[in-house]
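A look at the structure
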Amino acid sequence: MMDTSEKIFVAGYRGLVGSALMRRLEREGFHNIPKRDRSQLDLGDERAVQSFFAKERPAIVIFAAAKVGGIKANNDFPVEFLLDNLRIQNIIIHSAYETGVRKLLFLGSSCIYPKLAPQPIPETALLGGPLEPTNEAYAIAKIAGIKLCQAYAREYGANFISAMPTNLYGPNDNFDLETSHVLAALLRKAHEAKTRKARELAVWGSGTPRREFLHVDDLASACLFLLEKYDSPEIINVGCGEDISIRELAELICAIVGFEGQLAWDDTKPDGTPRKLLDVTKLHNLGWRPTIPLRDGIAQTYEWFLKNVAH
Ligand code: GFB
């Protein structure tokens, strides 16, 4: 078991992933968790981050800080997705090495894999073919982060590991329709369509792409599991092992929200990669399983949305 008095720094602690990690760590009894919000510590400011690490000397770092977004934001802002992510990950990984961090967990994304990777996607598919163009910039930044962690492990013996989560959702997700991922966007759209008594709900693309969705509390549980049990620089996938089509997702969300109108498909918007289902054999063999069924997770996230966003 990990020692709950160890100092853990969660970079990006207010985001979807970071806030789930904070809930989980606090529940497990960890109490030595330095918090700095954006106004106190700019993770893109190298000197500020270095002096934070030198002063706080965390034993463990979880890297959950990133510029993220859905298919449209990724496609519209490749410069920011590449530059901001490279900058913050380079600064934090290097500072962690310099101050002797015992273990670092870098979080990547399932979009690091080739557009036409074999399905379900094994870890060995990395760099086996061209990337999906809509999120190439983000994927390249995340691949660079993986490679930097592996380089610190190989060259300097650092215990820097990397996990690749599938598409995530849950409390503190981004519900802005221009920049959000599909699940949060459709929850909001279905809620607003129901409230306005609209006849139609606009869904992007063709509805045929397939995606795998993991509740962020399950990801937080997997992260703690990996911090305890996994010490290899080889990447490891984190998913639930099942995917659904965007059409099925939209229908499920409408049923949960109670919107009874029609779906209207907007084919001016991109589909992105046709399928993205992770092969989670490696993590399953270590003994970890998710616990939150998709329907329950969406219902719980809708409750959170009603209390915190829609009010
Ligand atoms: O979640 P999403 O934005 O990103 O879109 P990706 C998934 C699918 O849902 C695409 C469709 O086929 C979208 O066209 N979709 C339907 C919608 N309606 C909507 C909507 O209202 N909003 C959104 N956003 N999508 C992201 C990457 O890819 O996945 C990131 O861009 C990251 O880099 C993330 O890796 C996990 O799954 O296509």
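Summary of the structure given here. (Residues numbered from 1 in each chain as written. Predicted model: local features only at pLDDT ≥ 70, side-chain atom pairs only at ≥ 80, totals over all residues. Heavy atoms only, no water.)

So, on to the layout of surface pockets. The space that makes up the second largest pocket amounts to roughly 230 Å³. Lining the second largest pocket are 15 residues, and of these Phe213, Cys240, Glu242, Ile292 and Leu294 sit closest to its centre. At three residues, strand β8 (residues 213-215) tops the list of elements feeding residues into the lining of the second largest pocket. Counted by class, the lining of the second largest pocket contains nine nonpolar, one polar and five charged residues. (1 Å grid on protein atoms, 1.4 Å probe; cavity = no way out; pocket = protein on both sides within 12 Å on 5 of 7 lines; lining within 4 Å. Points joined across faces, edges and corners; volume = space filled by probe spheres on them. Helix = DSSP H or I, 4+ residues; strand = E, 2+ residues; numbered from the N terminus. Nonpolar A, V, L, I, M, F, W, Y, C, P; charged D, E, K, R; others polar.)

Here we have five strands laid out as an open sheet, ordered β1-β2-β3-β4-β9, and parallel in their pairing. On the outer flanks of this sheet lie β1 (8-11) and β9 (236-238), each paired with one strand and no other. The mean inter-strand angle of the sheet, taken between neighbouring strand axes irrespective of direction, is 20°. Pairing of strand β4 (residues 160-165) with β9 involves three bridges; the strand directions are parallel. Along β9, the bridge assignment pairs Met164 with Asn237. Lying over the sheet, helix α7 (residues 216-229) contacts β2 (60-63), β3 (103-107), β4 and β9, oriented at roughly 145° with respect to β3. (Pairing = 2+ DSSP bridges. Axes fitted to C-alpha atoms, helices over the stretch in contact; angles between N-to-C directions. Contact = heavy atoms within 4.5 Å.)

Let us look at empty space enclosed by the protein. Under the criterion given, the structure shown has two cavities of 30 Å³ or more. Here the largest cavity is characterised by a volume of approximately 70 Å³. Surrounding the largest cavity, Ser110, Cys111, Tyr113, Pro114, Lys115, Gln119, Ile121, Glu132, Asn135, Thr273, Arg275 and Lys276 form its lining. Within the lining of the largest cavity, the residues separate by chemical class into four nonpolar, four polar and four charged. Roughly 40 Å³ of internal volume is contained in the second largest cavity. Lining the second largest cavity are Asn167, Leu168, His181, Val182, Leu183 and Phe213.

Where helix α8 (residues 246-257) contacts helix α10 (residues 294-310), the two axes come as close as 10 Å, and the packing angle between them is 55°. When the axis of α8 is compared with that of α10, the two are oblique. The chirality of how α8 crosses α10 is right-handed. On α10, the residues touching Leu249, Leu252, Ile253, Ile256 and Val257 of α8 are Leu294, Arg295, Ile298, Ala299 and Tyr302. (Parallel < 35°, antiparallel > 145°, perpendicular 65-115°, else oblique. Left-handed = near helix turned anticlockwise from the far one by under 90°.)

Closest axis-to-axis distance for the helix α2 (residues 46-56)/helix α4 (residues 78-98) pair is 9 Å, and the angle between their directions is 35°. Remark: the crossing between α2 and α4 carries right-handed chirality. Every residue of α4 that contacts α2 at Glu46, Val49, Gln50 and Phe53 is listed here: Ile91, Ile92, His94, Ser95, Ala96 and Glu98. Taken together, the residues that form the contact of α2 with α4 break down as five nonpolar, three polar and two charged.

What follows covers the site of the ligand. Surveying the vicinity of the ligand reveals 22 residues, the closest of which are Ile71, Lys189, Arg211, Pro270 and Asp271. Side-chain polar atom of Lys189 to an oxygen atom of the ligand: 2.7 Å apart, as the coordinates give it. Take Lys276: an N or O atom from its side chain is 3.2 Å from an oxygen atom of the ligand. If the ligand stood free it would expose 700 Å²; the protein chains cover 97% of that surface. Of all the secondary structure elements, the ones that give two or more residues to the shell around the ligand are α3 (71-76), α6 (182-196) and β6 (200-204). With three residues, α6 is the largest single contributor of residues to the shell around the ligand. The class makeup of the residues in the shell around the ligand is 10 nonpolar, eight polar and four charged. (Near = heavy atom within 4 Å. Polar contact = N/O pair within 3.5 Å; in protein donor to acceptor, adjacent residues only side chain to side chain. Areas by Shrake-Rupley, 256 points an atom, 1.4 Å probe, with all protein chains shown as cover.)

As a further point, take a negative patch on the surface. A surface patch of like charges, here negative, comprises Asp42, Asp45, Glu46 and Glu98. As for its placement among the helices and strands, Asp45 is situated in the loop between α1 (16-27) and α2. (Patch = residues over 30% accessible without salt bridge, like charges linked within 9 Å, V, L, I, M, F, W, Y side chains within 5 Å. Salt bridge = Lys/Arg side-chain N within 4 Å of Asp/Glu carboxyl O. Lys, Arg positive; Asp, Glu negative; His and termini not counted. Charge placed at Lys NZ, Arg CZ, Asp CG, Glu CD.)

So, about the pattern of salt bridges. Here the structure, examined in full by the defined rule, presents 17 salt bridges. Note that Glu56 is salt-bridged to Lys7, the shortest N-O span being 2.7 Å. Of this pair, Glu56 sits in helix α2 while Lys7 is found in the segment before β1, placing the two residues 49 residues apart along the sequence. By the burial criterion, Glu56 is buried, and Lys7 matches it. The partner of Glu56 in a salt bridge is Lys55, and the shortest N-O contact between them spans 3.6 Å. For Lys55, a relative accessible area of 63% translates into the label exposed. (Buried < 20%, exposed > 50% of the residue type's maximum accessible area, 1.4 Å probe, protein only.)

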